[in-house]
Structure formats: C-alpha cells, structure tokens
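# Coordinate analysis (summary)
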Amino acid sequence: MSERIIGYDVARSFAVIGMVIVNFEIVMGADSNGPHWVLSISQLFHGRAAALFVVLAGVGITLYTNTARLTADIESLRKKRRTLFRRAVFLFVVGLLYIPIWPADILHFYGLYLTIGALAVTASRRRLWILASGFVLGFVVLLFFIDYERGWDFTTLTYTNFWTVRGMVRHLLYNGFHPVFPWTAFLLYGMLLGRMNLQNVTLRRRVMITAIAVVSAAESASWILTETLTSGLSSVPQSDIVFLFGTQPMPPMPLYILAGAGTATIVITGCLELCEYVSDEDLLQPFVATGQMALSLYVAHVLLGMGALEMIGRLEDQSPPFAMASALTFCVLGIVFSYLWLQRYSRGPLEQVMRTLTDRTLWS
C-alpha cells in the first residue's frame, strides 16, 4: 500500500470514530448540562465527521477513475462510471432499508452523491469548483422558497411524511440530515482534492495551512456576526441569527460548508503527514483496517452497539460521560475487530457484499 492510500484509510477511521461519538451522544440524549469537557469533545465532531466521510468519498472517486481520465480511455471510463452507478444504487437501497432502524442514515444520500460524482469525473477543475459552489448557493436560494423546518419535529428529530413522494424529495434534496443541496459540494471538493499530488510535502503543507486559515476565518466570521447582530438587532431572535450565520450542520449554511471542508482537509493532510513519518507501518494497521471497513462499522454501531445498550436499558437518557464511554468502547472493539477480520479476509463483510453485487462481471 502506498503512503497516500494508507493516509486516506487512517483519515476514514477518524471519521468513523467521530461519527460514532456524535450518534451515540444524540441517541443517548446526553444532557447539555453535563461536564463541559465531555460536551466540548463531542461538539468537535458534530457535522465534521460526516463531512470528512463525504470528502473522502470524492477523493476515492478521483483515485478510482484517475488513470482512465488522464489517458482519455473512453471504454475504461464507461466501465468505471457504470460500477459507480451500481454502487450508488446499492447504497441508496441499503440506506432506505436502514432508515426504519436509523432515521439519521447517510447511506441513501451517499448514493445520490456518488451518482453526481460519477457524472462529473471528467469535468475540469474549474467546472468542479463551479458545480460545488452551485450546490452551496442552491441551498441558500431554496431557503427563500421552502420552509426549512417543513416536515420536521425537531423535539424528537423525526421527519414526517418521509415515505411520500414530496416528503422524500424534499428530505433528499433540501432539508434532510445530509441533503444533496449543499452536501454534494463536499464530494465535489473531495474530487478536486484527489487530483492534487498530496504526496508532495510542500503542496500538502500549503494545503493544510490554507485549510487552517479557512476554518479559522469561517469560525471567526460566524462568531463575530452572531455576536454583533445579536446585540445590534434586539428585535431579531438569536436563534434566527445563529440559523443564518452559525457553523452547525443543520441548516448547512455556507460558513458551515467552509468550516466542514476545511476541517476535513486538515484531518486528511494530517493523516498523510502522519503516515509519512511513522516508520513502523504495523502501528497504523489497526486504523487502516478500520478505515477500510467503514461501511460495516457504520451499520454495526447502530445494530450492535446501540442494540446492546438498548437490551440492557442504557440507551436513552444517559449522562454525557456514559455516552462518551459507550462510544469509545464500541470504537476500540471496532478497531480490534477490523484488524483481526482483515488479517483473514480482503474486505469487510458489507464491503464484500457491495463488491459482489456491483461487480461488473455480474452485469456483463
């Protein structure tokens, strides 16, 4: 394995860990009045772990299609696009089947992102930037025409009328947990990131420094705007100001997209740096394995992790420290399981199912 691929896998393992921490906290109803340090740690991952996943998916699309794109091999591009389309259908269907168990599922959104990414693999960098910006601005435009809270009961985080045509379309494209507008921008940005030679130390560090500056600027702008407007516009509820200028994932406003993409870039470039300077690759293999089994672990953290807690009556109304400890316990077990599984098999359980069902030889 090249250092570049190992670095992306390690980054994906951190995305898994972050998403598990966030989801356990939400489902277990961790009290906002809990210990400050625990809440601060969990808040670091809100909206950022999922964004990292999607950016890495974009990187993966580029790496998967790079040779065919650079050599203008039309036949190879056609085959790879078809494989991506089949994987998109697989993830979309699995995600819909998963929703009755896990309403916050991201897999069905992933299917839509992949479809758009497959169509855009030959787009120039300029067009990818324009497309990404279009998805971000498109969401802002939709806010003027559609009530963002339509269909939501935010007290229980449930979405009514999801299984109707209008409800599903609105949820998928606009106001679901990870809607196409603007979340596809993360995938398109990942495709751009994948085209950079981040094995070049100078370029990689320049990208990291730029990402740190972007995140700092987005967070600073958010804080300044919310503080200034809250004190200057006493007639406007603070919640409305935070809605427009916050960096929270719901609603995913432009400042959040900048902060999320920047954070993902920092993690990715940091992992590439880490893998270059750790001389003993065996130390990284548990995290590499975890990243390679992200799909299996994503499903398992709900079915097995939360399922076990529900069986013992400790899933809801728990303290922040217990939620954090439960999440980290699952992560440790997941890392160990991933490492041991990939010692014997080439892919994770669900990863193998997806490859088997979407392999082009089955469709020829």
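Residues numbered from 1 in each chain as written. Predicted model: local features only at pLDDT ≥ 70, side-chain atom pairs only at ≥ 80, totals over all residues. Heavy atoms only, no water.

### Here's the deal with the overall build of the protein
We apply this condition: Elements are defined by DSSP. Helices are runs of H or I of four residues or more, strands are runs of E of two residues or more, and each kind is numbered from the N terminus. In this treatment the radius of gyration is a C-alpha quantity, and the globule benchmark scales as 2.2 Å times the residue count to the 0.38 power. Should any heavy atoms of two residues lie within 4.5 Å, those residues are considered in contact. Computed by Shrake-Rupley with a 1.4 Å probe, the accessible areas treat only the displayed protein chains as cover when residues are assessed. The convention is simple: Lys and Arg are positive, Asp and Glu are negative, and His and the chain ends are not counted. Throughout, a charge is located at the NZ atom of Lys, the CZ atom of Arg, the CG atom of Asp or the CD atom of Glu.
A tally of helices and strands in the protein yields 15 helices and two strands. The C-alpha radius of gyration of the protein comes to 20 Å, within 12% of the 21 Å expected for a compact globule of 364 residues. Seen along its three principal axes, the alpha-carbon backbone of the protein occupies a region of about 60 × 50 × 45 Å. A fraction of 77% describes how many contacts in the protein between residues 6 or more apart in sequence connect residues 24 or more apart. On the protein, roughly 17800 Å² of surface is accessible, and the fraction owed to carbon and sulfur atoms is 65%. Here the protein contributes 26 positively and 23 negatively charged side chains, and the mean placements of these two sets differ by 15 Å.

### Section: unusual backbone geometry
Cis peptide bonds are those with omega within 30 degrees of zero, and the linkage from Phe181 to Pro182 qualifies with 10 degrees. Looking at the secondary structure, you find Pro182 in helix 8 (residues 180-194). The linkage connecting Met250 with the following residue, Pro251, adopts the cis geometry, with an omega of 0 degrees. Within the secondary structure, Pro251 is located in the loop between helix 10 (238-245) and helix 11 (254-277). Phi is positive for Ala72, close to 55 degrees, though the residue is something other than glycine. By the element assignment, Ala72 lies in the loop between helix 3 (48-70) and helix 4 (74-98).

### Observations concerning the nonpolar core
Heads up, the rule is: The term nonpolar core refers to a set of buried residues drawn from Ala, Val, Leu, Ile, Met, Phe, Trp, Tyr and Cys, joined through side-chain atoms within 4.5 Å. Exposure classes here rest on a 1.4 Å probe applied to the protein chains alone. A residue is buried below 20% of its type maximum, exposed above 50%, and partly exposed in between.
Of all hydrophobic cores here, the largest spans 94 residues; its most connected members are Phe186 and Ile268. A per-element tally of this core places helix 3 first, with 12 residues. Those residues within four positions of Ile268 in sequence are excluded, and the remaining contacts are Tyr8, Ala11, Leu52, Val55, Leu56 and Leu193.

### Here we look at the confidence of the model for the protein
Detailed conclusions should not be drawn from predicted coordinates in areas where pLDDT is low. Threshold: For every residue, the predictor reports its confidence as pLDDT, a number between 0 and 100.
Mean pLDDT over the protein: 91, with 95% of residues reaching 70 or higher. Considering each helix and strand of the protein separately, the mean pLDDT is smallest for helix 2 (residues 36-43), with a value of 72, and largest for helix 8, with 97.

### Focus: the side chain of Arg195
Residue position: Arg195 is located in the loop between helix 8 and helix 9 (201-232). Setting aside anything within four residues of it in sequence, one finds Arg195 in contact with Thr62, Arg69, Ala120, Val121, Thr122, Ala123, Ser124, Arg125 and Leu128.

### Observations regarding the pattern of salt bridges
What counts here: Salt-bridge detection follows one rule: a side-chain nitrogen of Lys or Arg within 4 Å of a carboxyl oxygen of Asp or Glu.
Per the counting criterion, the structure on display carries six salt bridges. In this structure, Glu273 and Arg204 form a salt bridge, with 2.9 Å as the shortest nitrogen-oxygen distance. One end of the pair, Glu273, is in helix 11; the other, Arg204, is in helix 9, with 69 residues separating them in the sequence. For Arg204, a relative accessible area of 2% corresponds to the buried category. The salt bridge partner of Glu276 is Arg204, with a shortest N-O separation of 2.6 Å. With Glu276 in helix 11 and Arg204 in helix 9, this residue pair connects regions lying 72 residues apart in the sequence.

### Structural notes on the environment of Arg82
Considering the arrangement of structural elements, one finds Arg82 in helix 4. Between the C-alpha atoms of Arg82 and Glu273, which are 191 residues apart in sequence, the distance is 34 Å.

### Side note on the packing of aromatic side chains
Heads up, the rule is: In this analysis, rings of Phe, Tyr and Trp, with Trp reduced to its six-membered ring, are considered paired at centre separations within 6.5 Å, and the interplanar angle assigns stacked below 30 degrees, edge-to-face beyond 60, and tilted for intermediate values.
The tally for this structure, following the rule as stated, stands at 18 aromatic pairs. With 6.1 Å between their ring centres and 45 degrees between their planes, Trp183 and Tyr256 make a pair best called tilted. Note that Trp183 is positioned in helix 8 and Tyr256 in helix 11, a separation of 73 residues in sequence. No difference in accessibility class separates Trp183 from Tyr256, as the two residues are buried.

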